[in-house]
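# Structure at a glance
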Amino acid sequence: MINPFYAMSCLLLILFAQPALSLGLAADRPNLISIVTDDQGRWAMGLYGNRQIHTPHMDQIGKQGAVFTNAFVATPVCSPSRATFLSGRFPTELKITDWISSEEAQEGAGLTAMTWPEVLQQHGYQTALIGKWHLGELNQFHPHEKGFGHFMGFLAGGTRPMNPTLEIKGETQKRKGSLPDLLVDDAINFIRTSKDKPFALCLHFRAPHTPYGPVPEQDSAHYEGMKIDVPITPGVIPEQIRQKNKEYYASVSSVDRNIGRLLKELDQLQLAENTLVIFTSDHGYNNGRHGVSTKGNGHWIAGGVTGPKRPNMWDTSIRVPLVMRWPAVIKPGTQFDEIVSNIDMFKFVLGALKIPQPANLKLHGIDYSPLLFGQPAPVRKALFGQYDLHNNGLAYLRMIRTPKLKYVKHYRARNMDELYDLESDPGENTNLLQRRTRKNWQDTADLLEDQLIEWQKSIQDPILEPAYE
């Protein structure tokens, strides 16, 4: 016969142990911090070989974790790239193919697709977006409606780098101080209040987008008296590019200093071990490379004169820094050379956090999270991208990139298609479809275009419709 006092003791032990067990399970679930800068090329970071820029904390993430040497984005401009990053869909599928202007925002442009923060929120994560949104300004596109329980930042494309206007607790306020400092102040507060539950923080900076400054003196001081190296491009005035890059570097460093504050807070709260920190950018940048300024919608700069638009998908515009730290999982000093894209992020995040994908949700990309755990990931044979410029210009670009070749199709334009041999010409300086070399390379271009069209069909690319012919 069972002793009644023994039975009662066991029952009480089970009842009182339940909350502790639940808390233990919650505490074991990894946290996620996704840090995204705006307009930071891969070349603008110390860990990728830049010896002049001051980015010790961005570098720290990679040194204490993993650095990805071949990370790309699906499109070289902010709104469509950010939409792809959050949704796992291509820009034409989302109907966000260029940066969203204020007029378009008022007309109803915005992100309608499900985001991976929504999925994390459904699985008990405390979620936050702090900083730049730029994916719709109407109520139905607000971050609160797209999976973020907390939002502090700005809905449009930008705000002042100093003394910005921000949405805080649903109200628009003008705040004093440096924008990166203010964003990280709020990020630290979110982490402190969420530390007892699994959390996912998206910290999306505006920097180093133009205007680059002003920035706090401690960030610009790194470059006082320094002669900044500049890309050698015919027609570009070195001093002009040198000054721009000095201001650009200072803006990057203002973000880096604040990343250091965030990492220190994780250490102090003893959260670093089981927090996956991801650092990347929404797309690349040129600042004189290829003779253009800015990114995929850049314009020619030569002789100190600003020229017409030069829509492009050069690697300098689509290649980004990507480093991750997760001490519980990733061995310090790890390097991955696999080709990855921001369209993979939806699948990657769910895979890393061991969360199942929603049923019947169409997602592109690959889940390369097994790499973090020392396991093989699906191999990408070709990378695809697209960009439809319609703000201050007009262009329709589609791209296929293999490890050896890149082909860019310019729709509705003659004699502008591009083919580069990435093995002999990694800087993409010689278009092999120019008249003198086209004959030797046209068959290669045709084969790549066949693959490109098959991919376009798979996503129902509207540029293939008769109305676009």
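Shown above is the structure to which this text applies.
First, a word on scope: everything that follows refers to the structure included in this document.

The rules behind each value
- Residues numbered from 1 in each chain as written.
- Predicted model: local features only at pLDDT ≥ 70, side-chain atom pairs only at ≥ 80, totals over all residues.
- Heavy atoms only, no water.
- Buried < 20%, exposed > 50% of the residue type's maximum accessible area, 1.4 Å probe, protein only.
- Helix = DSSP H or I, 4+ residues; strand = E, 2+ residues; numbered from the N terminus.
- Arc of directions from axis to C-beta.
- Contact = heavy atoms within 4.5 Å.
- Polar contact = N/O pair within 3.5 Å; in protein donor to acceptor, adjacent residues only side chain to side chain.
- Pairing = 2+ DSSP bridges.
- Salt bridge = Lys/Arg side-chain N within 4 Å of Asp/Glu carboxyl O.
- Axes fitted to C-alpha atoms, helices over the stretch in contact; angles between N-to-C directions.

### Some thoughts on helix α2 (residues 56-63)
Structurally, the α-helix is built with 3.6 residues per turn, so residues lying three or four positions apart point the same way. Within α2 the residues assigned to the buried category are Met58, Asp59, Ile61 and Gly62. Seen end-on, α2 carries its buried residues on one side only, within an arc spanning 150°. The inward-facing, buried residues of α2 abut β2 (66-72), α9 (238-268), β8 (275-281) and β11 (322-325).

### Describing the side chain of Asn391
Mapped onto the elements of the fold, Asn391 is located in the loop between β13 (383-389) and β14 (395-401). Given the relative accessible area of 10%, Asn391 is considered buried. Among the polar contacts made by the side chain of Asn391, one reaches the main-chain carbonyl oxygen of Trp99 at a distance of 2.7 Å.

### Let's talk about the pairing of β11
Because side chains alternate across β11, one face comprises the buried residues Leu322 and Met324, and the other comprises Val323 and Arg325, equally buried. Both β2 and β11 contribute to a ladder of two bridges, which runs antiparallel. Its bridge partner lying in β11, Ala66 is registered against Met324. Sheet topology note: the β8/β11 ladder contains four bridges and is antiparallel. Opposite Val277, over in β11, you have Arg325 as the bridge partner.

### Regarding the pattern of salt bridges
On inspection of all chains with the given rule, the structure shows 24 salt bridges. Salt-bridge contacts for Lys457 lead to Glu454; the nearest nitrogen and oxygen are separated by 3.7 Å. Here Lys457 and its partner Glu454 are both found in helix α12 (residues 435-458), three residues apart, which amounts to about one turn of the helix. Three or more residues are tied together by salt bridges with common partners; here these are Asp315, Arg319, Arg401, Lys406 and Glu428.

### Notes on the sheet that holds strand β16 (residues 418-421)
The four strands lie next to each other as β13-β14-β15-β16, forming an open sheet whose pairing is antiparallel. Looking along the sheet, the strands with just one partner apiece sit at the ends: β13 and β16. Neighbour-to-neighbour, the strand axes of the sheet open up by a mean angle of 10°, direction not taken into account. On top of the sheet, α12 reaches β13, β14, β15 (405-411) and β16; it is set at about 70° to β15, its chief contact.

### Let's talk about the sheet that holds strand β6 (residues 171-174)
Read across the open sheet, the ten strands follow the order β6-β5-β4-β3-β7-β1-β8-β11-β2-β12; overall the sheet is mixed. In this open sheet, the two edge strands, each paired with only one partner strand, are β6 and β12 (334-341). Neighbour-to-neighbour, the strand axes of the sheet open up by a mean angle of 15°, direction not taken into account. Note: strand β1 (residues 31-37) against β8, seven bridges, orientation parallel. Each bridged residue has a counterpart across the sheet, and for Ile33 the counterpart in β8 is Val277. Packed on one face of the sheet, helix α7 (residues 179-194) meets β1, β3 (126-132), β4 (150-154), β5 (165-168) and β7 (199-204) and runs near 180° to β7.

Taken by themselves, the reported measurements are silent on function.
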